[in-house]
Amino acid sequence: MKNYFDICKFINLEFPYKFQELIISDICEEIINKYEKENFSNYIDLRLINSFVNVVGNLLINIYNGSTCIDLSNYPDFLNYFFNNNYFKNLLSDFVTYVDEEQKSLDKITPFILKKLNYEGEKKFLFYRCGDYVNENEIKESIKKRVRRNKDNQIYINLQRDEKNINNIIDQIIENSFVLITGKPGSGKTTLASKIFNFYFIKYYNDHGRIPEIFICAPTGKGANVLSLRIWNLLDYRVRKILEENNIYNNSNFVSGTSIHKLLGFNSEKGSFNFNKDCKLKADLIIVDEASMIDLYLFSSLIQAISELTKLVILGDKDQLPSVDCGNVFGDIIESKNVFKVNLEGQFRFVDSIKNISEDILKFNDTKLKEKSNDLNFLFNSEKEKHLENIFKKIRFLPLKDINKGFTIEDFENGIYFLEAKNEAFIYKLIDFIVSNYSNNFNYSILNDNLLNDNLDRLNAVKDSVISKFALLVCTNRGFLGTENINDIFINYYKDNFELKPVIILENDYENNLFNGDTGLIVQIKKDGNLLNFFMSEDGRFININLIKKWNYSFCLTVHKSQGSSYDDVYFVLPTELNSPYLNKQIIYTAITRAKKRVFIFGKKEVFINGLEKSIIRESGLKFL
């Protein structure tokens, strides 16, 4: 009788990750224990175990890369053994639960789930970890219940073109129980959300005689604050009047946004939410922003915690970066034919050259394009070459020496520039250029505490201006071209050039009402003769920097952290490695679309092309909703 080490050795699979090896070794040990305990035949067919180990190993790799399942159509041997070999099926009975297409609940809890479904007449078999299957199933069933109340399928809106008819369109939107709003950066998602907020508030108040319970949230506090501030600035005068008549004078608090974790009452000790399937959050309307960043577990927690009668309006851009943890929930659901979608056309944020190149980037290496080519590689490659040519036609290639103190940012017209950088030393020239062109915007006299209120409006104007002035974006935190090193260079050599220093909050801080991703400025204030550093938040609050748990300077940010923000100018630094795991089409698209006026890309051309070739592709069952 071979032990499980012998079996692993015989199978001779190469595991790229240590955790795979450990988990699969444990599984093989359990299989052997069951084999010996239940006195199966003296012979173990290693082909059977090999097929199972292969499926589990690849599932773990896919989960590591953000997927929630794998499609077993690529594993015919395993399917054949599972459905046609009772010995094999019995051997795996403690590891795999089979779920038929009509089955909604699990008969047995096992580490893995094999789900059968029919989609457009085709049978599919998906293989999951149990927890991921449960979360996906909760989302599916909840959406199915909600879409039964939906009145429509999808509409297309251009806020400029449809301005005169916008009230009729919004009335159509709020008739639906579950709404997805998608559009490119600058297409007007937050503006439309503001109009929905006002229209729904007034209609609900007139129909029910009470103020509706409306919540604004996002995966990060920063994202929620951006949306809530936009809604606050566009608050209808009739809404303000109703709030005042009901003695709600602090309207800004009424429309304040929050992270999804805080909305659902995350309990860090229990590792769960206070609002959940058994204890629903009371709400009439919930508006969710930056939905592409919501992972499977968080989306499942949100949708389980709210009543089916609560209207849910979800905003996002499916082409931006997906969540850090597993799942591509928004991107998958938006592809479903069964949910109501609002597609926003047009863009009102950035110049045409940025709009045009972002569209070309999305088309490059498109899998749908490949399908249309009837699998003839030369047709597909010629289309790729055409898109690549279109991209490079819109980029101005400059020598690196053009970024020096002899030039100012105003010498560069609006558009996209590429500066070939053969080594990492260019970062010093780039930082010099940024300091010489933007540091004056960050200068402000040290304030006395008693003069702070007199200068508050002016300081707020400075804050709003400098935070959106520029962004230096990279792909990772570590390494010479990572945020940690670049921010150290700014602080060690140029801190005296910036009287106001940009910072970012790195974890949720509920005591100070600050959230991971919030940005602001360090302001020096004299108080009782002492010079103190205060964090000035985006909503204008001052908090002693020593009271904030975890923060860092944000002269340089990762592309992930920049999501939801926009800047006049973006400086995007590519990794130096040709096959960097940190660079892909979504990263490039997200970085470029943060800019309103100018984008400067630094690195090697071949690295840029290689990044365009790679896309984040995540498997899930939600696309078959």
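Residues numbered from 1 in each chain as written. Predicted model: local features only at pLDDT ≥ 70, side-chain atom pairs only at ≥ 80, totals over all residues. Heavy atoms only, no water.

Draft legend 1. Representation of the overall build of the protein. Across its full length, the protein holds 23 helices and 25 strands. Residues classed as buried in the protein amount to 54% of the 625 residues present. Counting every atom, the protein has about 29200 Å² of accessible surface; 45% of that belongs to carbon and sulfur. (Helix = DSSP H or I, 4+ residues; strand = E, 2+ residues; numbered from the N terminus. Buried < 20%, exposed > 50% of the residue type's maximum accessible area, 1.4 Å probe, protein only. Areas by Shrake-Rupley, 256 points an atom, 1.4 Å probe, with all protein chains shown as cover.)

Draft legend 2. Representation of the nonpolar core in the model. Counting 40 residues, the largest nonpolar core has Leu430, Leu472, Phe490, Tyr571 and Phe600 as the members making the most contacts within it. For this core, the element with the most residues is helix 18 (residues 426–438), which contributes eight residues. Those residues in contact with leucine 472 that lie beyond four places of it in its chain are Leu430, Ile434, Ile486, Phe490, Phe555, Cys556, Leu557, Tyr571 and Val573. (Core = buried A, V, L, I, M, F, W, Y, C linked by side-chain atoms within 4.5 Å. Contact = heavy atoms within 4.5 Å.)

Draft legend 3. Spotlight on helix 9 (residues 221–233). For helix 9, with 13 residues, the first-to-last C-alpha span of 18 Å sits near the 18 Å given by 1.5 Å per residue. Within the span of helix 9, buried status applies to Gly221, Lys222, Gly223, Ala224, Leu227, Ser228 and Ile231. Put simply, threonine 220 is the residue that caps the front of helix 9, since its side-chain oxygen is 3.0 Å from the backbone nitrogen of glycine 223. (Expected span 1.5 Å × (residues − 1). Polar contact = N/O pair within 3.5 Å; in protein donor to acceptor, adjacent residues only side chain to side chain.)

Draft legend 4. Examining the environment of aspartate 496 more closely. Checked against the element boundaries, aspartate 496 lands in the loop between helix 20 (483–494) and strand 18 (501–505). Note: C-alpha distance between aspartate 496 and serine 439 (57 residues apart in sequence) is 9.6 Å.

Draft legend 5. Up close: the environment of histidine 387. Along the chain, histidine 387 turns up in helix 17 (residues 377–393). A sequence separation of 25 residues divides histidine 387 from leucine 362, and the C-alpha atoms of the two residues are 9.7 Å apart.

Draft legend 6. Just the pattern of salt bridges, in detail. Using the criterion set out here, one finds 21 salt bridges in the structure. Linking lysine 277 and glutamate 138 is a salt bridge whose minimum nitrogen-to-oxygen distance equals 2.8 Å. Note that lysine 277 is positioned in the loop between strand 10 (272–273) and strand 11 (285–288) and glutamate 138 in helix 6 (residues 130–147), a separation of 139 residues in sequence. Within the structure, one salt-bridge network assembled from shared partners comprises Asp71, Glu122 and Lys124. (Salt bridge = Lys/Arg side-chain N within 4 Å of Asp/Glu carboxyl O.)

Draft legend 7. Here's a closer look at unusual backbone geometry. A positive phi angle, near 50 degrees, is found at glutamate 120, a position not held by glycine. The topology assignment puts glutamate 120 in the loop between strand 3 (112–119) and strand 4 (122–129). Phi at glutamate 290 is positive, roughly 55 degrees, even though this residue is not glycine. Relative to the helices and strands, glutamate 290 resides in the loop between strand 11 and helix 13 (296–304).

Draft legend 8. Geometry of the pairing of strand 6 (residues 178–183). Among the six residues in strand 6, six count as buried, and that is most of the element. Burial along strand 6 is two-sided: Phe178, Leu180 and Thr182 facing one way and Val179, Ile181 and Gly183 facing the other are all buried. Sheet topology note: the strand 6/strand 12 (residues 311–316) ladder contains five bridges and is parallel. Bridged to valine 179 within strand 12 is valine 313. When strand 6 meets strand 13 (residues 340–344), the two strands line up parallel, connected through five bridges. In the strand pairing of strand 13, leucine 180 is matched with lysine 341. (Pairing = 2+ DSSP bridges.)

Draft legend 9. Here's a closer look at the packing of aromatic side chains. Overall, the coordinates contain 38 aromatic pairs when judged by the stated rule. Relative to phenylalanine 127, the ring of phenylalanine 78 lies with its centre 5.9 Å away and its plane at 75 degrees, an arrangement referred to as edge-to-face. One end of the pair, phenylalanine 78, is in helix 4 (residues 76–84); the other, phenylalanine 127, is in strand 4, with 49 residues separating them in the sequence. Judged by centre distance (6.3 Å) and plane angle (65 degrees), the ring pair of phenylalanine 433 and tyrosine 571 falls under edge-to-face. Taken together, the residues span a long stretch of sequence, with phenylalanine 433 in helix 18 and tyrosine 571 in strand 24 (residues 567–573) at a distance of 138 residues. Exposure remark for phenylalanine 433: the relative accessible area of 0% places this residue in the buried category. On the basis of relative accessible area, tyrosine 571 is assigned to the buried category, the value being 0%. Cluster of aromatic residues (ring-pair linked, three or more members): Phe52, Phe78, Tyr81, Phe82, Phe83, Phe88, Phe95, Tyr98, Phe112, Phe125 and Phe127. Directly above the ring of tryptophan 232 sits arginine 240, whose terminal nitrogen or CZ lies 4.6 Å from the centroid. Taking NZ or CZ as reference, lysine 605 lies 4.6 Å from the ring centre of phenylalanine 392, over its face. (Phe/Tyr/Trp six-rings, centres within 6.5 Å; stacked < 30°, edge-to-face > 60°. Lys NZ or Arg CZ within 6 Å of the ring centre and 35° of its normal.)

Draft legend 10. Layout of the sheet that holds strand 24. Strands sit in the order 14-15-25-24-17-23 across an open sheet of six strands; the sheet is parallel. Of all the strands in the sheet, just strand 14 (395–398) and strand 23 (556–558) have a single pairing partner and so form its edges. Taking the axes of each pair of neighbouring strands and ignoring which way they run, one obtains an average angle of 25 degrees across the sheet. Pairing of strand 17 (residues 470–474) with strand 23 involves three bridges; the strand directions are parallel. Bridge pairing links leucine 473 to leucine 557 in strand 23. (Axes fitted to C-alpha atoms, helices over the stretch in contact; angles between N-to-C directions.)

Draft legend 11. Looking closely at the sheet that holds strand 12. Taken in spatial order, the seven strands of this open sheet run 5-13-6-12-11-7-8, and their pairing is parallel. Each of the sheet's edge strands pairs with one partner strand only, and the pair in question is strand 5 (154–157) and strand 8 (257–259). The mean inter-strand angle of the sheet, taken between neighbouring strand axes irrespective of direction, is 20 degrees. Strand contacts of helix 8 (residues 189–208): strand 5, strand 6, strand 7 (214–218), strand 11, strand 12 and strand 13, with the helix running at about 165 degrees to strand 12, the strand carrying the most contacts.

Draft legend 12. Representation of the side chain of aspartate 71 within the structure. Considering the arrangement of structural elements, one finds aspartate 71 in strand 1 (residues 69–71). Given a relative accessible area of 15%, aspartate 71 falls into the buried group. In terms of polar contacts, aspartate 71 uses its side chain to reach the backbone amide nitrogen of serine 73, at 3.0 Å. Contacts of aspartate 71, omitting those with residues within four sequence positions, involve Lys124, Phe125 and Leu126.

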